[in-house]
Amino acid sequence: MQFSKLAVCAALLLPATAMVAVAAAPHPAFKLRHDNFEAMGRAMKSTFDQFKKPTPNLATIRKNANVLAAAATKVKGHFPVGTGPEAGVKTEALAAIWARPADFAAATDRLVDTTKGLQAAAAGTDLAKIQAAAGAVGGSCKNCHDSFRKPRG
Ligand code: HEC
């Protein structure tokens, strides 16, 4: 009898302990999106650094285009409900992401489209085209940040 009482006790305690653990650890989405955006930032910088060179390295640009296109597809899944400013975790994500989901999805789609465009342009050797496509990617970053990321002072 004593044993089964203990077992019931343990069963009751377990979920409570698990909940405390969840509340203490920030949602994994914060780190996932931080790392993903940082990777995109590095790929963009590396790409634009190439444009400043007398002979831009197309292989580097292609590699960056692949990184950007792969990273772009992940953005959609990086903002689950509950990971906004209300989470009490340091974040620049604005509540507008969840208040205007259709607009946010459009901004995400624009990133996916422009990064695919850069990949397509970078498959060729027309530097003017590649630069224009990279500019369009930059425009899609800014488009989303202007509406959905806390302005940086
Ligand atoms: C669909 C919206 C959206 C698009 C498109 C987007 N971003 Fe962001 N970005 C955000 C949001 C929201 C944050 C803030 C995330 C947070 O703090 O939780 C952010 C944060 C960042 C950060 C800071 C990372 C951090 O967590 O400190 C960098 C760097 C960044 N973005 C780069 C880019 C680049 C480069 C592109 C384009 C290639 C891009 N972003 C496109 C929404 C977007």
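Procedures and definitions
- Position numbers for residues count from 1 along each chain, tracking the sequence in the order it is written.
- In keeping with the model being predicted, local features are shown solely for residues with a pLDDT of at least 70 and side-chain atom pairs are shown and tallied solely at 80 or more, while totals for entire chains, interfaces and linings include all residues.
- Computation of side-chain values covers all heavy atoms of the structure but excludes hydrogens and water.
- For salt bridges, the criterion is a side-chain nitrogen of Lys or Arg within 4 Å of an Asp or Glu carboxyl oxygen.
- Helix numbering and strand numbering both begin at the N terminus, where a helix is a DSSP run of H or I of at least 4 residues and a strand a DSSP run of E of at least 2.
- The cut-offs for exposure are 20% and 50% of the maximum accessible area for each residue type, with area from a 1.4 Å probe on protein chains only; residues under the lower value are buried, those over the upper are exposed, and the others partly exposed.
- Here a polar contact is recorded for every N or O atom pair within 3.5 Å, except that within protein the pair must consist of a potential hydrogen donor and a potential acceptor, and residues adjacent in sequence are included only if both atoms are side-chain atoms.
- Working rule for contacts: check all heavy atoms of both residues, and any pair within 4.5 Å makes them a contact.
- Comment: axis = line fitted to C-alpha atoms, over the contacting stretch for helices; angle = value between 0 and 180 degrees taken between N-to-C directions.
- Handedness of each helix crossing follows the sense of rotation of the near helix against the far helix: counterclockwise by less than a right angle gives left-handed, clockwise gives right-handed.
- When residue character is reported, Ala, Val, Leu, Ile, Met, Phe, Trp, Tyr, Cys and Pro are called nonpolar, Asp, Glu, Lys and Arg charged, and the others, Gly included, polar.
- Here, expected helix span is obtained from the residue count minus one, scaled by 1.5 Å.

(A) Summary view of the pattern of salt bridges. Going through the model one piece at a time under the given rule, you end up with six salt bridges. Lysine 52 is paired through a salt bridge with aspartate 49; the nearest N and O atoms lie 3.2 Å apart. Taken together, the shared-partner salt bridges connect Lys45, Asp49 and Lys52 into one network.

(B) Inspection of the side chain of threonine 115 at higher detail. Relative to the elements of secondary structure, threonine 115 occurs in helix α5 (residues 101-123). The class of threonine 115 is buried, set by a relative accessible area of 1%. Separated by 2.9 Å, the side chain of threonine 115 and the backbone oxygen of leucine 111 make a polar contact. Leave out the neighbours within four places in its chain, and threonine 115 touches Leu68, Ala69, Ala72 and Val137.

(C) Quick peek at the packing of helix α2 (residues 28-51) against helix α6 (residues 127-148). Contact geometry of α2 with α6 gives a least axis separation of 11 Å together with a crossing angle of 145 degrees. When you trace α2 past α6, the crossing you get is left-handed. Two secondary-structure elements touch here, α2 through Met44, Thr47, Phe48 and Phe51 and α6 through Ile130, Gln131, Ala134, Gly135, Val137, Gly138 and Cys141. Across the contact of α2 with α6, the residue classes tally to seven nonpolar, four polar and no charged.

(D) Structural context of helix α3 (residues 58-75). Taking 1.5 Å of rise per residue, the 18 residues of α3 would be expected to cover 26 Å, and the 26 Å separating its terminal C-alpha atoms lies within 8% of that figure. All of the buried residues in α3 are Leu58, Ile61, Asn64, Ala65, Leu68, Ala69, Ala71, Ala72 and Val75. Close packing links the buried residues of α3 with α2, α5 and α6. The residue sitting at the N-terminus of α3 and contributing the capping side-chain oxygen is asparagine 57; that oxygen lies 2.9 Å from the backbone nitrogen of alanine 59.

(E) Main features of α5. With 23 residues, α5 should reach 33 Å at 1.5 Å per residue; the first-to-last C-alpha distance of 33 Å fits that figure. Its buried side turned inward, α5 meets α2, α3, α4 (96-99) and α6.

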